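Okay, here's what each chain looks like letter by letter:
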Amino acid sequence: MARLNPWRWVVLGLAALYFLVPLAASVVFTVDVPGQGVTFDAYTQIVSTDGFVSSLLLSLELALATIAIVLLLMVPAMVALRLGAPRLRPVVEVICQLPLVVPPIAFVAGISTVLKWGPEYLSRTPLFETFVAIQNPGFPFVLVMAYVVMALPFVHRSLDAGLRAIDVRTLVEAARSCGASWPQALVRTVLPNLRGALLNAGFLTLALVLGEFTVAQLLGFQPFAVWIYSVGGSQAQLSVAVSVLSLLVTWALLLALAGVGGRTRTASSRG
């Protein structure tokens, strides 16, 4: 095994170069202004730029709503599969992985067709107001529904890995024998043991929503990723500075998640 260590360092070094060299080039592009030298104006102007705060808040709101809905859907479903229908697990897995094989262009084309079809044929029904409400630019709930579908593969994998690491049936039966109802057994016994998996699923969903561009752009909304693209047409340095900053924030969240997960595992082992 010791002979493999140099190769591991080589692989890690190549991976670091692959990620850090483009990042360093982006940072140099944002701070090196021809004729002015090194300046950090691109970073100091981010907060005051028109649309930055509103687009970022919109993306965060969409991310929180997406995380809440996808976890409310997937956690009970995954636990129920473990307890009562293990034979359906391959079917659910295939369904949850379908968003990975459907191109985003085709996906958003189908959404656009439905949104155009609804007002035309349902204009005299109460559903017409629903079609209008989910396309409210202040909070486009249609994006939340699209992101829930797109997040299914990542959430499914995270929860499946977490459930494989614990004995769900024994935990639930023990809670039920102590008089807990099914919701209480889920909340008080299963969820605490899935804390790491829930954090992973939430982080992956957050990263997906913050970086998603195609669906939001083609549907005509402007969350954070679309705002970065629109700013890049007139202020290239500012656009790259925002991208670098968002990448660093994402890495910081990932490190924080790893720290929380490590502390959780340590506390569980001590208990």
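For the structure, see preceding data.
Residues numbered from 1 in each chain as written. Predicted model: local features only at pLDDT ≥ 70, side-chain atom pairs only at ≥ 80, totals over all residues. Heavy atoms only, no water.

Let us now look at helix H10 (residues 195-211). In this model, H10 (17 residues) spans 24 Å end to end at C-alpha, consistent with the 24 Å of a helix rising 1.5 Å per residue. Of all the positions in H10, only Ala 197, Ala 201, Gly 202, Phe 203, Thr 205, Leu 206, Leu 208 and Val 209 are classed as buried. (Helix = DSSP H or I, 4+ residues; strand = E, 2+ residues; numbered from the N terminus. Expected span 1.5 Å × (residues − 1). Buried < 20%, exposed > 50% of the residue type's maximum accessible area, 1.4 Å probe, protein only.)

Per the stated rule, a full pass over the model turns up three salt bridges. Linking Glu 93 and Arg 157 is a salt bridge whose minimum nitrogen-to-oxygen distance equals 3.1 Å. Of the two residues, Glu 93 sits in helix H4 (residues 89-101) while Arg 157 sits in helix H7 (residues 141-164), which places them 64 residues apart along the sequence. Across the salt bridge formed by Arg 164 and Asp 160, the nearest N and O atoms sit 2.8 Å from each other. Here Arg 164 pairs with Asp 160, and both are found in helix H7, just four residues apart, close to one helical turn. Residues joined by salt bridges that share partners form a network here, namely Arg 82, Asp 160 and Arg 164. (Salt bridge = Lys/Arg side-chain N within 4 Å of Asp/Glu carboxyl O.)

This brings us to the packing of helix H8 (residues 168-177) against helix H9 (residues 182-193). At a minimum axis distance of 9 Å, the contact between H8 and H9 shows a crossing angle of 135°. In terms of orientation, H8 and H9 fall into the oblique class. By crossing handedness, the relation of H8 to H9 is classed as right-handed. The residues of H9 that touch H8, namely those facing Val 168, Leu 171, Val 172, Ala 175 and Arg 176, are Trp 182, Ala 185, Thr 189, Val 190 and Asn 193. Residues of the contact of H8 with H9, tallied by class, amount to seven nonpolar, two polar and one charged. (Axes fitted to C-alpha atoms, helices over the stretch in contact; angles between N-to-C directions. Parallel < 35°, antiparallel > 145°, perpendicular 65-115°, else oblique. Left-handed = near helix turned anticlockwise from the far one by under 90°. Contact = heavy atoms within 4.5 Å. Nonpolar A, V, L, I, M, F, W, Y, C, P; charged D, E, K, R; others polar.)

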